[in-house]
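Structural characterization, general
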Amino acid sequence: ETGVTQSPTHLIKTRGQQVTLRCSSQSGHNTVSWYQQALGQGPQFIFQYYREEENGRGNFPPRFSGLQFPNYSSELNVNALELDDSALYLCASSLGGFQETQYFGPGTRLLVL
Amino acid sequence: DQQVKQNSPSLSVQEGRISILNCDYTNSMFDYFLWYKKYPAEGPTFLISISSIKDKNEDGRFTVFLNKSAKHLSLHIVPSQPGDSAVYFCAASAYNQGGKLIFGQGTELSVKP
């Protein structure tokens, strides 16, 4: 059984650029959630996708957008990057039902200069 | 508004002793609680969870206790091992929030040989 994978592992961008992060969900999982973890903080929920539809969104601006594909892999896109977007971006997959555990990937470390 | 709080940023314990990590929450709609462990440069690893209909759940050396009236949960690790040294996050979700996990700030556990 393959776990959650994310790419790339590290990324450096400059302010104003756009970035796309990718996530492959664990085998059999149809739900993907994205989180942002700033240094010294707990992960903050960005949004969740269930069967290719957005299923909930946290307190993030519209320049954070996402996509889920028919194979349940997912992308997180961030436009007009700001310095404060520097963080660890985590993807988690789950079965999407009631009280289902979310399993996390290793994350993508984004640095915005 | 921090709905999930871990008030101890760090905890140091001797190998073989009990580690007790604490977590408080404010939202009475939370009905599912999880503990994750995180090593540097890795994503959070799921440890153990508990539904709000229970007050205790055990898995090997790990036990989670839930006190709904006090809105408090704790993770007990017995006996503690040096490999348990990591940052521990508690997280909570509510059935009406679409699978969104709310995380605490984390507690760094150090188990000394």
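For the structure given in this document, a descriptive report is provided here. (Residues numbered from 1 in each chain as written. Chains lettered and ligands numbered in written order. Predicted model: local features only at pLDDT ≥ 70, side-chain atom pairs only at ≥ 80, totals over all residues. Heavy atoms only, no water.)

1. Details of a nonpolar patch on the surface
All names here are of chain A. Judged by side-chain polarity, Ile 12, Leu 111 and Leu 113 come together as a nonpolar surface patch covering roughly 300 Å² of accessible area. When you line up the elements, Leu 113 lands in the segment after β11 (108-112). You can call Leu 113 exposed: its relative accessible area is 56%. (Patch = residues over 30% accessible without salt bridge, like charges linked within 9 Å, V, L, I, M, F, W, Y side chains within 5 Å. Areas by Shrake-Rupley, 256 points an atom, 1.4 Å probe, with all protein chains shown as cover. Salt bridge = Lys/Arg side-chain N within 4 Å of Asp/Glu carboxyl O. Helix = DSSP H or I, 4+ residues; strand = E, 2+ residues; numbered from the N terminus. Buried < 20%, exposed > 50% of the residue type's maximum accessible area, 1.4 Å probe, protein only.)

2. Regarding the pairing of strand β5 (residues 44-50) of chain A
Residues and elements named next belong to chain A. The buried fraction of β5 amounts to five of the seven residues, a majority that puts the element mostly inside the structure. Sheet analysis places strand β4 (residues 31-37) next to β5, joined by six bridges and oriented antiparallel. Bridge pairing in β5 places Val 32 opposite Tyr 49. Between β4 and β5, which pair antiparallel in sequence order, lie six residues; one of them, Gly 40, sits at a positive phi of approximately 80°. (Pairing = 2+ DSSP bridges.)

3. What about the environment of Leu11(A)?
Residues and elements named next belong to chain A. On the secondary structure map, Leu 11 appears in strand β2 (residues 10-13). The sequence separation of Leu 11 and Val 78 amounts to 67 residues, and the corresponding C-alpha distance is 13 Å. When near neighbours in sequence (up to four residues on either side) are disregarded, Leu 11 contacts Val 19, Leu 21, Arg 109, Leu 110 and Leu 111. (Contact = heavy atoms within 4.5 Å.)

4. Remarks on the pattern of salt bridges
Residues and elements named next belong to chain A. Going through the model one piece at a time under the given rule, you end up with six salt bridges over all chains. Across the pair Glu 75 and Arg 22 runs a salt bridge, and its minimum N-O distance is 3.5 Å. In this pair, Glu 75 sits in strand β8 (residues 74-78) while Arg 22 sits in strand β3 (residues 19-24), placing the two residues 53 residues apart along the sequence. In this structure Arg 22 comes out as partly exposed when scored by relative accessible area, which is 42%.

5. Describing the interface of chain A and chain B
Opposite the 20 residues of chain A that make contact, chain B presents 20 residues. Carbon and sulfur atoms supply 58% of the area buried between chain A and chain B, which totals about 1500 Å² over both sides. Linking chain A to chain B there are three residue pairs in polar contact (both at pLDDT 80 or more). Listed by contribution, the elements that provide at least two residues to the side of chain A that touches chain B are β4, β5, β9 (87-94) and β10 (103-104) of chain A. Here the residues of the side of chain A that touches chain B sort into nine nonpolar, ten polar and one charged. (Buried area = accessible area lost by both parts, 1.4 Å probe. Polar contact = N/O pair within 3.5 Å; in protein donor to acceptor, adjacent residues only side chain to side chain. Nonpolar A, V, L, I, M, F, W, Y, C, P; charged D, E, K, R; others polar.)

6. Looking at the sheet that holds strand β3 (residues 19-25) of chain B
Residue and element names in this part refer to chain B. In spatial order, the strands read β1-β3-β8-β7-β6; together these five strands make up an open sheet with antiparallel pairing. Looking along the sheet, the strands with just one partner apiece sit at the ends: β1 (4-5) and β6 (56-59). Strand direction decides the pairing type here: β3 and strand β8 (residues 72-77), joined by six bridges, are antiparallel. Counterpart to Asn 22 in the pairing with β8 is Ser 74.

7. Structural notes on the nonpolar core
One finds Val4(B), Phe30(B), Phe33(B), Trp35(B), Leu73(B), Leu75(B) and Tyr88(B) to be the most contacted residues of the largest nonpolar core, which totals 25 residues. If you list the elements that add at least two residues to this core, you get β3, β4 (30-38), β5 (45-51), β7 (62-67), β8, β9 (86-94) and β11 (107-112) of chain B. Per element, the largest residue contribution to this core is five residues, and it comes from β9(B). Among all residues touching Phe33(B), those that are not within four sequence positions of it are Tyr25(B), Ile48(B), Ser49(B), Ile50(B), Ser52(B), Leu66(B), Leu73(B), Ala91(B) and Ala92(B). Membership of the second largest hydrophobic core comes to 20 residues, among which are Leu21(A), Ile46(A), Phe60(A) and Leu76(A). (Core = buried A, V, L, I, M, F, W, Y, C linked by side-chain atoms within 4.5 Å.)

8. A look at the side chain of Arg63(A)
Residues and elements named next belong to chain A. Along the polypeptide, Arg 63 turns up in the loop between β6 (53-57) and β7 (64-68). Side-chain polar atoms of Arg 63 contact the backbone oxygen of Ala 80, separated by 3.4 Å. Polar side-chain contacts of Arg 63 include one of 2.8 Å to the side chain of Asp 85. In this view, Arg 63 contacts Asn 77, Val 78, Asn 79, Ala 80, Leu 81, Glu 82 and Asp 85; residues no more than four positions away in its chain are not counted.

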